[in-house]
2 protein chains.
Amino acid sequence: MTETQSALPRQDRRISRTRRQLREALMALILEKGYDAVTVEDITARADVGRTTFYLHYRDKEHLFLESITQIADELAAQMVALFPQALSEDQMGDHAMRPILLVFRHAAENADLYRAMMRGEGGLIATNRLRELTAGYALQFMELFLRGARTALPLEVVASYFAASLLGTLTWWLEAGMPYPPDEMAVMFRRLAMRGVWEALGGAPPPSALETR
Amino acid sequence: MTETQSALPRQDRRISRTRRQLREALMALILEKGYDAVTVEDITARADVGRTTFYLHYRDKEHLFLESITQIADELAAQMVALFPQALSEDQMGDHAMRPILLVFRHAAENADLYRAMMRGEGGLIATNRLRELTAGYALQFMELFLRGARTALPLEVVASYFAASLLGTLTWWLEAGMPYPPDEMAVMFRRLAMRGVWEALGGAPPPSALETR
DNA sequence: TATAATCATAAACATTCTGTTCATTATTAT
DNA sequence: ATAATAATGAACAGAATGTTTATGATTATA
C-alpha cells in the first residue's frame, strides 16, 4: 500500500516506529472522538511525532485510516483463509459457509467499540466500502472454488455483491442498535435469511441439512 | 424538518425561494464535483444568494443535503404508498412485493447521475443511511400490515434491516458498476436472492407462484 | 566506530473554509 | 402605507490543511 518496501534493505526502524505510532494514535482517537473530529494535529500530538512527519508518510488522514483498516481486515481475512481447504473437502457447503459468518459477527462483537466509532461519520463510508470490497472478493473466491466452473442461475458477481452488502448492512444495523442479540444468534439469523436465496442463485437445490436452523 | 412553518401564515415567499435555490444549487454542484468538493460558498454563489443567507436557513452543508435527499425520497415514497392497499387486498404477497423493488431500481436508473454523484465520498454515507432508514421503515410497515400480528420466525426488525441493507447495497453496487444489467432484470435477480429467505423468516412456506422467476 | 544516508523536527507561512456579527437595504404580508 | 421580516455585504476570528526550509538526530552499513 505504501511505497517504501522495495527490496532486501529492511525498512528503517524509524519508519515503522513512526507509522505504528500514527496508526495507534488514530485508532485511539477514533474511539474517543469519532473519526470526523480527529485532526492531523491530534494524531501527531498523541503519537508524539512532529506534524511535518505525518505528511512525510501519509497524504492525509484518510490515507492513514485506510492503512489501519486494512490491517484490521487482514486479521479477519487470515482467519478465513484457514477455513478454505476445510470447506472444499466437504461435500456440503452449508455448514462451512456458516463459519465465516460466525467469524465476522464475533470479530465485530469483540471490537464493537472500534467498529462503532469507525462507522460514524465520514469514516463509516470509507470503512464500509473497504470492508464490502473485501467481503465480496472473498465470497466470490469461495463460490468459485466451490462451484468449479458449474453454471449458475445468476451472475456470481451479483450474488457476491448481494451477499457482501447484506452481511455488512446487517452487521452495521446490529452494532448501531446496540447489539440486541448475541453474535452467534445473529449469525444464525443472517444465514437463515441469506442462504436460501444464495443457494438457489448458485443453481442447486440446497441440501436440506445445510438449511436447518442449526 | 425545518422550524419555520408554525401555523396558517403561509411561508414567506422569500424563504421558499431561497431554500429552493439552495437545494437546486447543491444538487447541480454535486453532479459536477461530487458532494465532498462542494463548499458553502460554491452553493451560495451558484444559487445567487449571500453566504450569510445560507446560515440563516441551514446549519451546514449536511443539513441542506439531508433536506434535499428527503425530498427525492419522498417522491419514491409517494409512489410506494400507492401500492399498499393493492398489496393488502391480494392473498399472495409475492407478486406485489415485486412492485416496490421495481420502482426502486427504475427510479435509480432514471436518476443515475445524481445517485452516483451522491454515493461518492462523505455524501454517500449520509445518503445511504437516510435511504436505509427510510427503506427499513417501509419494509417494516409493509410486513406488519401483511402479517396482521402473526408470529414470525425471526424478529421483524432484523428482517427489515436485512432487506433494506441488501436492497440498498445491491443498488449501490449496480450503480457503481455502471449498471451492467437493466433495472427490471436487476429487480428480478434481487427478488430471487432476497425473497426466499425473507418469506421463511416471516414464518410461512412461500406460495410457490410467488417464488417463480417470473 | 566512523560516516554517509536517511528520517524527524520545529517554526513559519500561505491558503481555504467555516460560522458569526452588524449595520443597511429590499421585500413581503396585511 | 407600514410594520415585520428576510437578504445582503463586509469584516472578522478561528481552525485546519498542506508546504517549505534549515537543522538536528538516528540509522544502517562497512
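Residues numbered from 1 in each chain as written. Chains lettered and ligands numbered in written order. Predicted model: local features only at pLDDT ≥ 70, side-chain atom pairs only at ≥ 80, totals over all residues. Heavy atoms only, no water.

## Details of the protein's contact with DNA strand D
- Residues in close proximity to DNA strand D total 20 residues, the closest being Arg51 of chain A together with Thr18, Gly50, Thr53 and His57 of chain B.
- Backbone sugar and phosphate groups make up 63% of those atoms of DNA strand D lying within 4 Å of the protein.
- Between DNA strand D and the protein, one listed contact pairs a base oxygen with a side-chain N or O atom of Arg51 of chain A at 2.6 Å.
- Within the residue set of the surface near DNA strand D, elements represented by two or more residues are helix H1 (13–33) and helix H3 (51–57) of chain A together with helix H1 (13–33) and helix H3 (51–57) of chain B.
- The element contributing the most residues to the surface near DNA strand D is H3 of chain B, with four residues.
- When the residues that make up the surface near DNA strand D are grouped by side-chain class, the tally is five nonpolar, seven polar and eight charged. (Near = heavy atom within 4 Å. Polar contact = N/O pair within 3.5 Å; in protein donor to acceptor, adjacent residues only side chain to side chain. Helix = DSSP H or I, 4+ residues; strand = E, 2+ residues; numbered from the N terminus. Nonpolar A, V, L, I, M, F, W, Y, C, P; charged D, E, K, R; others polar.)

## Topic: the interface of chain A and chain B
- Every contact between the two is made by 32 residues of chain A and, on the other side, 32 residues of chain B.
- Each partner contributes to the roughly 3000 Å² buried at the junction of chain A and chain B, and carbon and sulfur atoms together form 68% of this total.
- A salt bridge links Arg196 of chain B to Glu200 of chain A; the nearest nitrogen and oxygen atoms lie 3.5 Å apart.
- For the pair chain A and chain B, the interface holds three residue pairs in polar contact (both at pLDDT 80 or more). (Contact = heavy atoms within 4.5 Å. Buried area = accessible area lost by both parts, 1.4 Å probe. Salt bridge = Lys/Arg side-chain N within 4 Å of Asp/Glu carboxyl O.)

## Considerations on the relation of the copies chain A and chain B
- The transform that puts chain A on chain B rotates by 180 degrees and translates by 0.1 Å along the axis, for an RMSD of 0.1 Å. Given the turn and translation reported, the copies of this chain are related as if by a two-fold rotation axis. The position closest to the rotation axis in chain A is occupied by the C-alpha of Ser166 of chain A, lying 2.1 Å away.
- A shared interface surface links the copies, since 100% of the contact residues of chain A are contact residues in chain B too. (Least-squares fit on C-alpha atoms with pLDDT ≥ 70 in both.)

## Regarding the packing of helix H10 (residues 183–201) of chain A against helix H10 (residues 183–201) of chain B
- In contact at an axis separation of 7 Å, H10 of chain A and H10 of chain B are set at 140 degrees when each is read in the N-to-C sense. Considering their axes alone, H10 of chain A and H10 of chain B lie oblique with respect to each other. At the point where H10 of chain A passes H10 of chain B, the crossing takes the right-handed sense. Across the interface between the two elements, Arg192, Leu193, Arg196, Gly197, Val198, Glu200 and Ala201 of chain A of H10 of chain A pack against Arg192, Leu193, Arg196, Gly197, Val198, Glu200 and Ala201 of chain B of H10 of chain B.
- Along the lines of polarity and charge, the residues of the contact of H10 of chain A with H10 of chain B split into six nonpolar, two polar and six charged. (Axes fitted to C-alpha atoms, helices over the stretch in contact; angles between N-to-C directions. Parallel < 35°, antiparallel > 145°, perpendicular 65-115°, else oblique. Left-handed = near helix turned anticlockwise from the far one by under 90°.)

## Observations concerning the packing of aromatic side chains
- If you walk through the whole model with that rule in mind, you get 17 aromatic pairs over all chains.
- For the ring pair Tyr35 of chain B and Phe65 of chain B, a centre distance of 4.5 Å and an interplane angle of 40 degrees mean the geometry is tilted. In this pair, Tyr35 of chain B sits in the loop between H1 and helix H2 (40–47) while Phe65 of chain B sits in helix H4 (residues 61–81), placing the two residues 30 residues apart along the sequence. Of the two residues, Tyr35 of chain B and Phe65 of chain B, neither departs from the other in class, the shared state being buried.
- Taking the centre distance of 5.3 Å and the plane angle of 80 degrees together, the rings of Phe54 of chain B and Tyr55 of chain B count as edge-to-face.
- When its relative accessible area of 44% is taken as the criterion, Tyr55 of chain B is described as partly exposed.
- If you follow Lys61 of chain A out to its NZ or CZ, it ends over the ring of Tyr35 of chain A, 4.1 Å from the centre. (Phe/Tyr/Trp six-rings, centres within 6.5 Å; stacked < 30°, edge-to-face > 60°. Buried < 20%, exposed > 50% of the residue type's maximum accessible area, 1.4 Å probe, protein only. Lys NZ or Arg CZ within 6 Å of the ring centre and 35° of its normal.)

## Regarding the side chain of His63 of chain B
Residues and elements named next belong to chain B.
- With respect to the element layout, His63 can be found in helix H4.
- Under the relative-accessibility criterion, His63 is labelled buried at 12%.
- In this view, His63 contacts His57 and Tyr58; residues no more than four positions away in its chain are not counted.

## What about the environment of Gly197 of chain A?
- Counting through the fold element by element, Gly197 of chain A comes out in helix H10.
- For the pair Gly197 of chain A and Phe163 of chain A, spaced 34 residues apart in sequence, the C-alpha separation works out to 9.7 Å.
- The residues contacting Gly197 of chain A, other than those within four sequence positions of it, are Arg192, Leu193 and Arg196 of chain B.

## A closer look at the confidence of the model for chain A
- With 84% of its residues at a pLDDT of 70 or more, chain A has an overall mean of 83.
- Predicted confidence for residues 206–214 of chain A stays below pLDDT 50, and this span has 16 contacts to residues more than four positions away or in other chains. (pLDDT = per-residue confidence, 0-100.)

## Details of the protein's contact with DNA strand C
- Contacts to DNA strand C come from 20 residues, most closely from Thr18, Thr53 and His57 of chain A together with Arg14 and Arg51 of chain B.
- Each atom of DNA strand C within 4 Å of the protein was assigned to sugar, phosphate or base; sugar and phosphate come to 63%.
- Val40 of chain B is positioned such that a nitrogen or oxygen atom in its backbone is 3.4 Å from a phosphate oxygen of DNA strand C.
- At 2.6 Å, a side-chain N or O of Arg51 of chain B approaches a base oxygen of DNA strand C.
- Where the surface near DNA strand C is concerned, the elements lending two or more residues are H1 and H3 of chain A together with H1 and H3 of chain B.
- With four residues, H3 of chain A is the largest single contributor of residues to the surface near DNA strand C.
- Grouping the amino acids of the surface near DNA strand C by side-chain chemistry returns five nonpolar, seven polar and eight charged.

## Section: the layout of surface pockets
- As a volume, the largest pocket reaches approximately 1200 Å³.
- Along the walls of the largest pocket sit 49 residues, with Leu125, Thr128, Asn129 and Arg132 of chain A together with Thr128 of chain B positioned nearest its centre.
- Among the elements of the structure, helix H4 (61–81), helix H8 (121–147) and helix H9 (156–176) of chain A together with helix H8 (121–147) and helix H9 (156–176) of chain B are those that each provide at least two residues to the lining of the largest pocket.
- In terms of residue count, H8 of chain A provides more of the lining of the largest pocket than any other element does, 12 residues in total.
- Here the lining of the largest pocket is composed, by residue class, of 20 nonpolar, 14 polar and 15 charged. (1 Å grid on protein atoms, 1.4 Å probe; cavity = no way out; pocket = protein on both sides within 12 Å on 5 of 7 lines; lining within 4 Å. Points joined across faces, edges and corners; volume = space filled by probe spheres on them.)

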